[in-house]
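So you can see what is in the structure, the chains are spelled out below.
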Amino acid sequence: MTIAARTMRLATADRLANCIALCCVVAWRVSWLAMLNRETAGAEPAAVFTDAERHVLEHAMPDRKRQPPYDLDFYVRAVARLGGYLDRASDAPPGTTVIWQGFSRLADLVEGARIAKPPPETYG
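Treat the numbers as computed from the prediction; the structure is a model and nothing was measured. (Residues numbered from 1 in each chain as written. Predicted model: local features only at pLDDT ≥ 70, side-chain atom pairs only at ≥ 80, totals over all residues. Heavy atoms only, no water.)

Asker: Hey, could you run me through helix H4 (residues 72-82) in this one?
Answerer: Counting buried positions over the eleven residues of H4 gives eight, a clear majority of the element. Within the sequence span of H4, burial applies to Leu72, Phe74, Tyr75, Val76, Ala78, Val79, Ala80 and Leu82. Remark: Gly84 follows H4 within two positions and exhibits a positive phi of approximately 110 degrees. (Buried < 20%, exposed > 50% of the residue type's maximum accessible area, 1.4 Å probe, protein only. Helix = DSSP H or I, 4+ residues; strand = E, 2+ residues; numbered from the N terminus.)

Written out as C-alpha cells, the structure reads:
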C-alpha cells in the first residue's frame, strides 16, 4: 500500500470513488490549463485563477519577469516555476507535471497568505 493510500484511508469503495472523482477534477484543470496556454496564451487569467492566486503568483515571479500586462501565459509560467520549471528561453512550454506540482505549492502559498493577514483591529 502506498503512503498516499494510507493517508487518504481509502478503506471503502465510496471513499475510493470520492478520491478518484477529486483526482479527475484536478487532472482536468491541469490538462485544460496546459492546453489553453498553448492555444490561447492571451486569454483572460481571471477565468482560470482566483484573485488570491494571481496576487501570490505576481509576487512569486522574479522582478525581471514581472512586466505587465499579466496575461495567462505569465500566470501559467509562474505556476510552472513553483513546480520546478526553469523558464529558460530555449525551454519548451511547461507541461502538466510541473503545472500540477506548481498548483500544489500555490495552494499552500495562498493558504499561508490568508493565514498571515493581520487580524482586524478592535476598538474599545
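Having seen it, we continue.
Asker: It is not clear to me how the environment of Arg66 should be interpreted in this structure. Could you clarify?
Answerer: Within the secondary structure layout, Arg66 lies in the loop between helix H3 (51-60) and H4. Residues Arg66 and Ala78, spaced twelve residues apart in sequence, show a C-alpha to C-alpha distance of 10.0 Å. Every residue in contact with Arg66, bar those within four places of it in the chain, is listed here: Glu58, His59, Met61 and Phe74. (Contact = heavy atoms within 4.5 Å.)

Asker: Sorry, what's going on with the pattern of salt bridges here?
Answerer: Close approach of charged atoms lets side chains of opposite charge pair. On inspection of all chains with the given rule, the structure shows six salt bridges. Among the ionic pairs, Arg88 bridges to Asp91, the shortest N-O distance being 3.1 Å. On the basis of relative accessible area, Arg88 is assigned to the partly exposed category, the value being 47%. (Salt bridge = Lys/Arg side-chain N within 4 Å of Asp/Glu carboxyl O.)

Asker: What is the right way to look at the environment of Val30 in this model?
Answerer: Along the chain, Val30 turns up in helix H2 (residues 13-39). The buried category is assigned to Val30, whose relative accessible area is 5%. Taking C-alpha positions, Val30 is 9.6 Å from Val98, a pair spaced 68 residues apart along the chain. Leaving out residues up to four positions away in the same chain, Val30 has contacts with Thr96, Ile99, Trp100 and Phe103.

Keep in mind these values describe shape, not function.
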